[in-house]
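Remarks on the overall topology
As a plain string of letters, each chain reads:
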Amino acid sequence: MKVFCGRANPVTGSVEWREEDEQYDYHQEIARSSYADMLHDKDRNIKYYQGIRAAVSRVKDRGQKALVLDIGTGTGLLSMMAVTAGADFCYAIEVFKPMADAAVKIVEKNGFSDKIKVINKHSTEVTVGIDGDMPCRANILVTELFDTELIGEGALPSYEHAHRHLVQENCEAVPHRATVYAQLVESKKMWSWNKLFPIRVQTRLGEQVIVPPSELERCPGAPSVCDIQLNQVSPTDFTALSNVLPMFSVDFSKQVSSSAACHSRQFDPLASGQAQVVLSWWDIEMDPEGKIKCTMAPFWAHTDPQELQWRDHWMQCVYFLPQEEPVTQGSAVCLVAHHDDYCVWYSLQRTSPEKNGRVHALRPVCDCQAHLLWNRPRFGEINDQERTDQYVQALRTVSVLLGEPFFTTSLLPWHNLYFWYVRTAVDQHLGPGAVVMPQAASLHAVVVEFRDLWRVRSPCGDCEGFDVHIMDDMIKHALDFRESKEAEPHPLWEYPCRSLSEPQQILTFDFQQPVPPQLLHAEGSIKLRRPGRSHGAVLWMEYHLTPDSTVSTGLLKPADDKEDCCWNPHCKQAVYFFSTTLDPTASLGSPQTVSYVVEFHPRTGDVTMDFTLSDALGNGH
């Protein structure tokens, strides 16, 4: 059966209706999920397995049957671990039906159908009793309900309900405890993701300063967390004003509350400076003694940086204080972590909130609209003085129709070609000889080997001894539905990679002329000049303000044999993964070239592409 889906075209600006398969949303969900990343997270898997074994052992030592409730089972991995560890029975809860169906098949294939019952419900809908989903309450609670912020996926309400209705009092819990940590820093780089700085323009009359509106300066910003790979932020980009502070803990073996709360930590600043940003992460302890720990700490706060586990499903958090505040070395202040049932935010106070009566601060709300309109990279892009200087230099020479171009609806680099369509719409109003700036744009590509990002698309096969090929096949089928022939956006400054080819220009777009009616077609090959595993092609746009001035949304300097690629940190680049090279166990020849066919379709604004790896004999992979 086919269904009509409406969408706003980010390139042409029009609303379009497309005929899609009724399973379209499902395939999108699976193809863009983090299931593969979680299965490849060996540190997470091992620590959960150790914690589950210990919990089952403690219950057995008390002479009880081990009855496990696994909330958010996904593939059923944790339930299979529990049965292997000696659990008598597991109730595996999964609300997403396609995933629940996959879990049933995976459990059956691994021979655990008699010990694991997959329940396709939200945990708050599960019933206990003779005619219920579970005949009695469980005495071991196993969950993986966490996001980068810990509580953003509804962990607190789910735990609260489970303790009230689904598990026994004083049950075992894996994980047993979570602790949230924070570090107060001063960082011009990260603060530029939250506030507009004055823009300095050199003119014939001297330097002119464009000052942001006062309401934007006063705005406390949006409470939404900025989740990033903090390990890719250089320690030179911030000054630590505090040590790492344990802000609050949640004991998952006891009744959990989802009510709003605040937790304060008084500290003496390490240095004087402007308090602007809070860096935050968490760890989970799988056992009551805290001997089995899984941490999200960045390298400078990690107990053993050599054992750092790369993962993308859990990263680290950047929070912005409502306003920057001066702190003085030697004068104690309080960092306060506030949270409700889904969200965390921070404030800085001179005295403990318990002492001054300000226990619960309201969640900050943006009243300037800018934080609702622009994302964090957009703030950083506007604050990029070098980028501003390039525009100013180009503007000195001409009178123009000017665009950046940037549009909030853009996800992929070429979505900003909407500028070309706008320019075409006003073509009749442009006089003879009018200059359009940017004058042109070009689409570029380079073949890369990722240090870690390849894992998000790599099949897992076996995970801690359990066969999860069904999950691999499920993701592959969803990708083959459409996504395998599409690029996806990633902020590559957070994901190190090295180039295996030289950058190559693929297509050009002449903004001096209206959008042409005919298709733009490019076909060619990219020669691989360095050894490595070709994980994919990275694509980006470059905007040519004048023949001598170009702004790149991708590579910022030529590729180097020894160093990782240097990407524009304010833009997302497009990654086209090569499916044949993502399986690390696959035996491949030595690809020599990457052939491509890339087309721009003026009517729809779509850019379609296909890449093929070929070895020296011309054999495709």
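Cut-offs and rules
Residues numbered from 1 in each chain as written. Predicted model: local features only at pLDDT ≥ 70, side-chain atom pairs only at ≥ 80, totals over all residues. Heavy atoms only, no water. Helix = DSSP H or I, 4+ residues; strand = E, 2+ residues; numbered from the N terminus. Buried < 20%, exposed > 50% of the residue type's maximum accessible area, 1.4 Å probe, protein only. Contact = heavy atoms within 4.5 Å. Areas by Shrake-Rupley, 256 points an atom, 1.4 Å probe, with all protein chains shown as cover. Salt bridge = Lys/Arg side-chain N within 4 Å of Asp/Glu carboxyl O. Core = buried A, V, L, I, M, F, W, Y, C linked by side-chain atoms within 4.5 Å. Pairing = 2+ DSSP bridges. Axes fitted to C-alpha atoms, helices over the stretch in contact; angles between N-to-C directions. Phe/Tyr/Trp six-rings, centres within 6.5 Å; stacked < 30°, edge-to-face > 60°. Right-handed = clockwise from strand over helix to strand, strands pointing away. Parallel < 35°, antiparallel > 145°, perpendicular 65-115°, else oblique. Left-handed = near helix turned anticlockwise from the far one by under 90°. Nonpolar A, V, L, I, M, F, W, Y, C, P; charged D, E, K, R; others polar. Polar contact = N/O pair within 3.5 Å; in protein donor to acceptor, adjacent residues only side chain to side chain.

Under an unreviewed UniProt entry, the protein has the name Protein arginine methyltransferase 7 and belongs to Rhinolophus ferrumequinum.

A look at the overall build of the protein
A tally of regular secondary structure across the protein gives 14 helices and 33 strands. Burial statistics for the protein: of 621 residues in total, 52% are counted as buried. Across the protein, the fraction of contacts at a sequence separation of at least 24, relative to all contacts at a separation of at least 6, is 76%. Of the roughly 27,800 Å² that the protein leaves accessible, carbon and sulfur atoms contribute 50%.

Structural notes on the pattern of salt bridges
Per the stated rule, a full pass over the model turns up 30 salt bridges. Taking the shortest distance from any N to any O, the salt bridge between Arg-363 and Asp-340 comes out at 3.3 Å. A residue pair is termed long-range when its members are at least 10 positions apart, and Arg-363 in the loop between helix H9 (353-356) and helix H10 (370-373) and Asp-340 in the loop between strand S18 (333-339) and strand S19 (344-349) qualify at 23 residues. Among the charged side chains, a network of salt bridges with common partners joins Asp-41, Asp-43, Lys-47 and Arg-311.

Re the nonpolar core
With 106 residues, the main nonpolar core has Leu-69, Phe-146, Leu-335 and Tyr-346 as its most contacted residues. Sort the elements by how many residues they give to this core and strand S15 (residues 273-285) lands first, with seven residues. Those residues within four positions of Leu-335 in sequence are excluded, and the remaining contacts are Ala-182, Leu-184, Leu-245, Met-247, His-263, Ser-264, Arg-265, Phe-267, Val-278, Tyr-346, Ser-347 and Leu-348. Residues Tyr-421, Ala-445, Val-447 and Phe-600 belong to the second largest nonpolar core, which totals 38 residues.

Quick word on the sheet that holds S19
Read across the open sheet, the three strands follow the order S14-S18-S19; overall the sheet is antiparallel. This sheet does not close on itself; its edge strands, each paired only once, are strand S14 (261-267) and S19. Neighbour to neighbour, the strand axes of the sheet diverge by 20° on average, direction disregarded. Bridging between S18 and S19 involves six bridges; their strand directions are antiparallel. Across the sheet, Cys-334 pairs through a bridge with Gln-349, a residue of S19.

Notes on unusual backbone geometry
Residues other than glycine predominantly adopt negative phi, and peptide bonds predominantly adopt the trans conformation. Cis rather than trans, the peptide bond between Glu-404 and Pro-405 has omega equal to -10°. If you trace the backbone, Pro-405 turns up in the loop between strand S20 (400-402) and helix H13 (418-425). The amide bond that connects Met-437 to the next residue, Pro-438, takes the cis arrangement and shows omega of 5°. Looking at where Pro-438 falls in the secondary structure, it is placed in the loop between strand S21 (435-437) and strand S22 (440-450). The backbone of Leu-150 shows a phi angle near 80°, a positive value even though the residue is not glycine. Following the sequence through the fold, Leu-150 ends up in the loop between strand S6 (138-143) and helix H6 (155-165). One non-glycine residue, Glu-464, adopts positive backbone phi at about 50°.

Some words on the packing of aromatic side chains
One pass over the full model with this rule turns up 27 aromatic pairs. Seen from their ring centres, Phe-89 and Tyr-91 are 4.9 Å apart, and the 50° between their planes marks the pair as tilted. By relative accessible area, which is 21% here, Phe-89 ends up partly exposed. Residue Tyr-91 is classed as buried on the basis of its relative accessible area of 7%.

Looking at the pairing of strand S4 (residues 89-93)
Among the five residues in S4, four count as buried, and that is most of the element. Of the pairings in the sheet, the one linking strand S3 (residues 67-71) to S4 comprises five bridges and is parallel in character. In the sheet register, Asp-70 faces S4, and the bridge partner there is Ala-92. You can see the chain leave S3, run along helix H4 (residues 77-84) and come back into S4, and the turn it takes is right-handed. Where the polypeptide runs from S4 across helix H5 (residues 97-109) and back to strand S5 (residues 116-119), its parallel neighbour, the crossover connection is right-handed.

Regarding the packing of helix H3 (residues 42-61) against H4
Contact pair H3 / H4: the axes reach a minimum separation of 9 Å and the direction vectors enclose 40°. The angle between H3 and H4 places the two elements in the oblique class. Relative to H4, H3 is oriented so that their crossing is right-handed. From H3, Arg-44, Asn-45, Tyr-48, Tyr-49, Ile-52 and Val-56 reach across to H4, where they touch Leu-77, Leu-78, Met-81, Ala-82 and Thr-84. Taken together, the residues that form the contact of H3 with H4 break down as eight nonpolar, two polar and one charged.

Looking at the environment of Asp-384
Mapped onto the secondary structure, Asp-384 falls in the loop between helix H11 (376-382) and helix H12 (385-395). Residue class for Asp-384 comes out partly exposed when judged on its relative accessible area of 23%. C-alpha separation for the pair Asp-384 and His-570, spaced 186 residues apart in sequence, amounts to 8.9 Å. A distance of 3.3 Å separates a polar atom in the side chain of Asp-384 from a polar atom in the side chain of His-570.

Considering the pairing of strand S10 (residues 206-210)
Pairing of strand S9 (residues 199-203) with S10, which is carried by five bridges, proceeds in the antiparallel orientation. The residue of S10 that forms the bridge with Thr-203 is Gly-206. Counting the residues that bridge the hairpin from S9 to S10 gives two residues.

Quick notes on the sheet that holds S5
Strand order in the open sheet formed by five strands is S5-S4-S3-S6-S7, and the pairing between neighbours is parallel. Edge positions in the sheet fall to S5 and strand S7 (167-174), since each has one partner strand and no second. Pairs of neighbouring strands in the sheet enclose a mean axial angle of 25°, with direction left out of account. Both S4 and S5 contribute to a ladder of four bridges, which runs parallel. From the neighbouring strand, Ala-92 faces S5, where its bridge partner is Val-118. On the sheet, H3 packs against S6 and S7 and is oriented at approximately 145° with respect to S7. With respect to the sheet, H4 is in contact with S3, S4, S5 and S6, its orientation differing from that of S4 by roughly 175°.

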